[in-house]
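Per-entry structural report
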Amino acid sequence: MASKKTDLERKWKKVFPDRVEEGWKNSVQGWYVKEATPGLYTLDVEHIPDNLVNKHNDPNSEENIAQRYRTDLCPHKCSFCFNEDSAIYGEEKSDLRDYIRKNRIMSLDDTFNVVDQAIDIAREEDHDFKSVKFLGPGELLLNPQLFEILKKYQERNVNIGIFTKGAILGDDSLARKYQGIGARKLTDRLAGFDNTSLIFSFQSFDYDLQDKIVTTKEADGSTRGLGNYSNIRERAIDNLFDSEFYHEGITDRVCMINAPILPENIDESFDIYKFFIERGTPVVMTPSMVSGKGCGQLERQSKITKKDVWDEQLIDLYAKIYDFNVRKGIQTEEEIEKEGISSYAGAAPCNQVSTGLYIRANGYVQMCPGRFDKETFFGDLEDRSLKEIWDSSPNKVRGIYNPHDLINNRCPAKDGRAFPEEFYEKVMGRYKQLQAKP
């Protein structure tokens, strides 16, 4: 194993060698809606550069987003990508000549019109609209309109959390190609937007394994995706630690995400969690999405590890993390009892499905990014307003029918799929067993 953990331990020093600082929580800005009452507080939103949108929407063009995905939206080629979905981004161009709605991609102005509708809905519900998250398609940090987007959210007093593998923050050639400045200057400029947080991918200390995770072997034997990613990632984290994202070694604006947890990295996942917590950085981790290529990931891992063995490994990992949280001072036993087990191990629980919606680039509105089927498709913004879709959505009534869903709605996308039946109860029981030990 080409593990760099020991080297990184020497390089990146602990700020919490014993217990965490009082009041520090494992949560990143904009991740969780605190003290929510029933209502719309958050959205997942897809932003695609207008120059690609215009080509995709042009009925006389042969190009579409699916064709340009790997050249313009993402340098990686992860085999489990939940978002690389030709059904959304790659319909036949002839469909547009007859104006089949599902193939039209929203411009930047279109998407902010939706955000403004959400702000109006929240105001009518007598609360603030809090945040958006960007999970894809691809990397928002590559978008030539990146800083225009961040400014628009800042003007609206809305936090944005950007899921990223962060390569552009550790590679000058990438940074200059897409944003016209070096990687360190780009990191500093991002840090200057106090409404912006990064959910930064970290899946292994083993650089060989990590590089395989973000690339794909093709049938002809070639490898697609960004080479030497792990070393680039290391430089990106160097830049983050040295930037205004951190204050005295602590942050609530950068979060490490180990997702999906895989058979190949589950044995080191607790070490990843502990490592970054001790370095003042929130951590979230969860198994595979059940959308896009994430569905194939579940099938793939079932061939590697028997389901009952995998389920036990997952339960043990989560229980160990909660036991660590209490011993480290991140949570109290009472807090865990009140909140329940989070679908993101040890982190602030998810209430996104009870307080928000997922807006696809083509105007489809879904339950959340974790799953895409008829049951989780709520409407089309071409046919109805966001308010009409929200008012009739199952998400809106979750917190009314079960107020605890406003604290922790578990994961309707993964429960019974990526998570086994009675997962949360089993984790709670196992965690209490660990707590009973000296």
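Small disclaimer: the values here were computed from a predicted structure and weren't measured.

What counts, and where the lines are drawn
- Residues numbered from 1 in each chain as written.
- Predicted model: local features only at pLDDT ≥ 70, side-chain atom pairs only at ≥ 80, totals over all residues.
- Heavy atoms only, no water.
- Helix = DSSP H or I, 4+ residues; strand = E, 2+ residues; numbered from the N terminus.
- Rg over C-alpha atoms; globule rule 2.2 N^0.38 Å.
- Buried < 20%, exposed > 50% of the residue type's maximum accessible area, 1.4 Å probe, protein only.
- Contact = heavy atoms within 4.5 Å.
- Areas by Shrake-Rupley, 256 points an atom, 1.4 Å probe, with all protein chains shown as cover.
- Lys, Arg positive; Asp, Glu negative; His and termini not counted.
- Charge placed at Lys NZ, Arg CZ, Asp CG, Glu CD.
- Pairing = 2+ DSSP bridges.
- Axes fitted to C-alpha atoms, helices over the stretch in contact; angles between N-to-C directions.
- Arc of directions from axis to C-beta.
- Right-handed = clockwise from strand over helix to strand, strands pointing away.
- Phe/Tyr/Trp six-rings, centres within 6.5 Å; stacked < 30°, edge-to-face > 60°.
- Parallel < 35°, antiparallel > 145°, perpendicular 65-115°, else oblique.
- Left-handed = near helix turned anticlockwise from the far one by under 90°.
- Nonpolar A, V, L, I, M, F, W, Y, C, P; charged D, E, K, R; others polar.
- pLDDT = per-residue confidence, 0-100.

Concerning the overall build of the chain
Secondary structure summary: the chain contains 19 helices and eleven strands in total. For 438 residues, the compact-globule estimate of 2.2 N^0.38 gives 22 Å, and the C-alpha radius of gyration of the chain, at 21 Å, lies within 12% of that figure. Each principal axis of the C-alpha atoms in the chain carries an extent, and together these give about 70 × 50 × 45 Å. The buried share among the 438 residues of the chain stands at 60%. Here the analysis covers contacts within the chain between residues at least 6 apart in sequence; of these, 77% occur between residues at least 24 apart. In the form shown here, the chain has an accessible surface area of approximately 18,200 Å², with 47% of it arising from carbon and sulfur atoms. Both charge centroids of the chain, one from 61 positive and one from 73 negative side chains, sit 3 Å from each other.

Here we look at the sheet that holds strand β1 (residues 42-45)
Consider a sheet: its strands pair through backbone hydrogen bonds, and that pairing is either parallel or antiparallel. Spatial ordering of the open sheet is given by β8-β7-β4-β3-β2-β1-β9-β10-β11, a layout of nine strands whose pairing is mixed. Two strands bound the open sheet, and with one partner strand each, they are β8 (283-285) and β11 (377-380). Between one strand axis and the next, the sheet turns through 25° on average, direction left out of account. Sheet analysis places strand β4 (residues 196-201) next to strand β7 (residues 254-258), joined by four bridges and oriented parallel. Residue pairing in the sheet places I199 in a bridge with C255 of β7. With respect to the sheet, helix α7 (residues 146-155) is in contact with β1, β2 (131-134), β3 (159-164) and β4, its orientation differing from that of β3 by roughly 150°.

Considerations on helix α2 (residues 50-57)
Every buried residue of α2 is accounted for by L52, V53, H56 and N57. All buried residues of α2 project into a common sector of 125° when viewed along the axis, lining one side.

Comments concerning the pairing of β2
Here β2 shows a buried face lined by S131 and K133 and a second buried face lined by V132 and F134. The handedness of the β2 to β3 crossover, carried by α7, is right-handed.

So, the packing of aromatic side chains
For the structure on display, the rule yields 22 aromatic pairs. Judged by centre distance (5.3 Å) and plane angle (65°), the rings of F202 and F205 are edge-to-face. Taken individually, F202 and F205 each receive the classification buried, so the pair is uniform in this respect. Both rings, one in F205 and one in F275, keep their centres 5.1 Å apart while their planes meet at 70°; by these two values the pair is edge-to-face.

Some words on the packing of helix α12 (residues 266-277) against helix α14 (residues 307-328)
Two elements in contact, α12 and α14, have axes separated by 10 Å at closest approach and are oriented at 20°. Considering their axes alone, α12 and α14 lie roughly parallel with respect to each other. Here the hand of the crossing between α12 and α14 comes out right-handed. Residues I266, D267, S269, F270, Y273, K274 and I277 of α12 lie in contact with α14, whose contacting residues are W310, Q313, L314, L317, K320, I321, F324 and N325. Of the residues in the contact of α12 with α14, the class split is nine nonpolar, three polar and three charged.

Topic: the confidence of the model for the chain
In this model, the chain carries an average pLDDT of 92, and 95% of its residues clear a pLDDT of 70 or more. Contacts of residues 93-101 to residues separated by more than four positions or lying in other chains number 23 contacts, the stretch itself having pLDDT below 50.

Comments concerning unusual backbone geometry
A cis amide bond links G136 with the next residue in sequence, P137, at an omega value of 10°. Examined against the element boundaries, P137 turns out to sit in the loop between β2 and α7. The amide bond that connects A259 to the next residue, P260, takes the cis arrangement and shows omega of -5°. Of note, P260 is situated in the loop between β7 and α12. Positive phi is not limited to glycine here, since E248 has a value of about 55°. Of the residues examined, E248 reaches a relative accessible area of 79% and is grouped as exposed.

Brief notes about the environment of F324
Within the secondary structure, F324 sits in helix α14. The exposure class assigned to F324 is buried, which follows from its relative accessible area of 10%. A C-alpha to C-alpha distance of 9.5 Å links F324 and L434, two positions 110 residues apart in sequence.

Overview of the packing of α14 against helix α19 (residues 423-435)
Put simply, α14 and α19 touch, their axes get as near as 8 Å, and they point 50° apart. Compared by their axis directions, α14 and α19 come out oblique. In this structure, α14 meets α19 at a crossing whose hand is right-handed. Along the contact surface, α14 presents E312, L314, I315, D316, Y318, A319, K320, Y322, D323, V326 and R327, while α19 presents F423, K426, V427, R430, Y431, L434 and Q435. Broken down by class, the residue content of the contact of α14 with α19 amounts to ten nonpolar, one polar and seven charged.

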